[in-house]
Amino acid sequence: MLKKVLVGNAYTAIDHHQIKFLPQALIEIDSSGVIDRVLEPTAPDYQAAYQAAQQAHLLEKVPADQVIFPGFVDLHVHAPQWPQAGLALDKPLAAWLNDYTFPLEAKYQDLDFARQVYHELVHELLAQGTTTVLFFGTIHPEANLVLGEESLHQGLRTLIGRVAMDNPDQTPAYYRDSSSQAAIVATETFIHQLNDLGKDNPLSPIPVITPRFVPSCTDATLAGLGRLARKYDLPVQSHVSESNWEHQYAIDRFGIHDAAVLDHFGLLTSRTVLAHATQLTPEDQALLRQRKTAIAHCPISNAYFGNGVLPVNDLLAAKNRVGLGTDISGGYSPSLYDNLRHAVALSQVRNDGISRDDEGIANSRISMVASFYLATVGGAEALNLPVGRIQAGKIADLQVVKDRFKRPTETAQERFERILYQTHRSEIMQVYTQGDQVYQA
């Protein structure tokens, strides 16, 4: 049985080289929120399907000045940092964390504060066309449950991690786990609590094993989190080689790179997503590729804290798994549109160099098609979720975007690229998750 049928011009990524334009496509969504069929006007049964949907009052027509995209997948959001988005981005990473971020995250023991922030954040992400988010929470299980409840209530598909951080050398006394045992027990308790939230709801949040990053965790905590990941077969998220400082820290402490540290503790799996990765060596990249571990490319944040530009083209060519993240609040914008534009721009900086004497690194440019792929298919595959494409069998997580400047002489490809460069929050008209409308402008 069908829930609804959308008809309109749509775009979906085939791979990081190609998109598919679906002119006046009929997108049939079944009662479970999954795309049953996508019919183009040339299909033999298109007219019959159109008339049947119309007669059943299931047809929703998308105006000619609007297009349908898959909902975006954001692989890296620090939910508690939303109030400081755009603050202190001129500071070094360590100072930014200690002077701003940790004091803010400590406030989430106040659940009223958590409710206020998370209500606003979830709404804002949906309004930006984002339908799936991989969240870092705080050390407070109750506040993380508030985030899960708010996501369920508003219809945002989420994966949520209770942050583990117990290393007294790198975390403040007022905001850290009291011991490794406390970190592991609290993480396991949170797994059960989140699993009980919204049971049998297809948008029920998924718990994620979340060592903040190598510097913030003791060996015992890293080992314990690796055991939990295996015990419950859960996703894992952390940071990897985000900056020169973080990359060097792992070398000084362990004598190996932090990708190898995470692997040693059983935290590199096919369900792991690691943010930033700007300092990875070819050997590190190969290790992630071997483990099928995904990278969350956060271009805006990397410009401030990454000490480099991720070699996206090389990673995609080598078949590393890569998606896109906003990294609120190391990234100031909750919009993946902003980030996919920055991804293209930074790839050109990497290609051309930053001065007359810097020749850059050839073949580093990525296209807007590749960036769109990262924000949709790349993110979906990183999370092993059937979203990110407009095709039969995929979940109907979609966004409808208004084109303010439609030009009759341009090709479908030209229109696609221009819309991605020009779309802002005000042009996102409708958002669907699991086939249900969850946002309307």
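All figures in this text were calculated on a predicted structure; none of them were measured in a lab.

*Asks:* An account of the domain arrangement of the chain is needed here, citing residue identities and associated values.
*Replies:* Split by domain assignment, the chain resolves into domain 1 (2–70 + 390–440) and domain 2 (72–382). Computed over C-alpha atoms only, the centres of domain 1 and domain 2 are separated by 30 Å. Contacts between domain 1 and domain 2 engage 31 residues on the former and 27 residues on the latter. Carbon and sulfur atoms supply 65% of the area buried between domain 1 and domain 2, which totals about 2400 Å² over both sides. On the domain 1 side of the contact with domain 2, H16, L420 and R425 bury the most area, a combined 27% of that side's loss. The interface formed by domain 1 and domain 2 includes 2 salt bridges.

*Asks:* Which residues make up helix α12 (residues 336–352), and what values go with them?
*Replies:* The end-to-end C-alpha separation of α12 is 24 Å, in line with the 24 Å expected for 17 residues at 1.5 Å each. Listed in full, the buried residues belonging to α12 are L336, Y337, N339, L340, R341, A343, V344, L346, S347, R350 and N351. Where α12 begins, the side chain of S335 points an oxygen toward the backbone nitrogen of Y337, at a separation of 3.1 Å. Looking one or two residues beyond α12, the residue adopting positive phi is G353, at roughly 85°.

*Asks:* Describe in detail the packing of helix α13 (residues 368–382) against helix α14 (residues 412–422), supporting the description with residues and values.
*Replies:* Here α13 crosses α14 at 65°, and the two axes come no closer than 10 Å. In this structure, α13 crosses over α14, and the sense of that crossing is left-handed. Residues M368, V369 and F372 of α13 lie in contact with α14, whose contacting residues are Q413, F416, E417, L420 and Y421. Looking at the contact of α13 with α14 residue by residue, the classes come out as 6 nonpolar, 1 polar and 1 charged.

*Asks:* Break down helix α5 (residues 180–196) for me, citing the residues and quoting the values.
*Replies:* Between the first and last C-alpha of α5 there are 25 Å, a value that for 17 residues agrees with the 24 Å anticipated at 1.5 Å per step. Burial in α5 covers these residues: S180, A183, I184, A186, T187, E188, F190, I191 and L194. Where the residues of α5 are buried, they touch α4 (141–154), β8 (157–164), β9 (206–211) and α6 (219–232).

*Asks:* Residue-level account of unusual backbone geometry, with values.
*Replies:* With an omega dihedral of 5°, the bond running from I328 to S329 counts as a cis peptide bond. Structurally, the position occupied by S329 is in the loop between β13 (321–324) and α12.

*Asks:* Kindly report on the nonpolar core, identifying the contributing residues and their values.
*Replies:* Counting 88 residues, the largest nonpolar core has F69, Y118, F135 and I209 as its most contacted members. Counting contributing residues, this core receives three or more from each of domain 1 (2–70 + 390–440) and domain 2 (72–382). Each residue touching I209, except ones within four places of it in the same chain, is listed here: T187, I191, L225, L228, A229, L234, P235, V236, Q237 and L267. If you look at the next biggest cluster of nonpolar residues, it comprises 16 residues, including L75, L159, V273 and I395.

*Asks:* Requested: an account of the packing of helix α3 (residues 111–127) against α4, with residues and values cited.
*Replies:* The contact between α3 and α4 brings their axes to 9 Å, and the two run at 35°. The chirality of how α3 crosses α4 is right-handed. Contact with α3, carried on its side by L111, A114, R115, Y118, H119, V122, H123 and L126, involves E142, A143, V146, L147, E150, S151 and Q154 of α4 and no other residues of that element. The residue inventory of the contact of α3 with α4, partitioned by class, reads 8 nonpolar, 4 polar and 3 charged.

*Asks:* An account of the environment of F416 is needed here, citing residue identities and associated values.
*Replies:* Among the structural elements, F416 can be located in helix α14. Once the C-alpha coordinates of F416 and R291 are considered, the two residues, 125 residues apart in sequence, prove to be 34 Å apart. In this structure, F416 is in contact with Y11, I19, F69, V369 and F372, ignoring residues within four places of it in sequence.

*Asks:* How would you sum up the pattern of salt bridges? Please name residues and give values.
*Replies:* Across all of its chains, the model carries 23 salt bridges by this definition. Residues K3 and D436 are paired through a salt bridge, measuring 3.1 Å at the closest nitrogen-oxygen approach. Here the residue K3 occupies a position in strand β1 (residues 2–13), and D436 occupies one in strand β16 (residues 436–440), the gap between them amounting to 433 residues. Residue K3 is classed as partly exposed on the basis of its relative accessible area of 23%. For K402, the salt bridge goes to D65, with nearest N and O atoms at 2.5 Å. Of this pair, K402 sits in strand β14 (residues 398–402) while D65 sits in the loop between β4 (59–61) and β5 (66–70), placing them 337 residues apart in sequence. Judged by relative accessible area, which is 29%, K402 ranks as partly exposed. By relative accessible area, which is 26% here, D65 ends up partly exposed. Here the salt bridges share partners, and the residues they tie into one network are D403, E410, R415 and R418.

*Asks:* Account for the pairing of β1, with residues named and values stated.
*Replies:* Among the 12 residues in β1, 10 count as buried, and that is most of the element. With antiparallel pairing between neighbouring strands as the criterion, β1 and strand β2 (residues 19–30) make up a hairpin whose turn holds 5 residues. Examined bridge by bridge, β1 and β4 share 3 bridges and lie parallel to one another. Looking across to β4, one finds that L6 is bridged to E60. Pairing geometry for β1 and β5, over 2 bridges, is parallel. The residue of β5 that forms the bridge with N9 is V67.

Thresholds, definitions, all that
Residues numbered from 1 in each chain as written. Predicted model: local features only at pLDDT ≥ 70, side-chain atom pairs only at ≥ 80, totals over all residues. Heavy atoms only, no water. Domains from an automatic or database assignment. Contact = heavy atoms within 4.5 Å. Buried area = accessible area lost by both parts, 1.4 Å probe. Salt bridge = Lys/Arg side-chain N within 4 Å of Asp/Glu carboxyl O. Helix = DSSP H or I, 4+ residues; strand = E, 2+ residues; numbered from the N terminus. Expected span 1.5 Å × (residues − 1). Buried < 20%, exposed > 50% of the residue type's maximum accessible area, 1.4 Å probe, protein only. Polar contact = N/O pair within 3.5 Å; in protein donor to acceptor, adjacent residues only side chain to side chain. Axes fitted to C-alpha atoms, helices over the stretch in contact; angles between N-to-C directions. Left-handed = near helix turned anticlockwise from the far one by under 90°. Nonpolar A, V, L, I, M, F, W, Y, C, P; charged D, E, K, R; others polar. Core = buried A, V, L, I, M, F, W, Y, C linked by side-chain atoms within 4.5 Å. Pairing = 2+ DSSP bridges.

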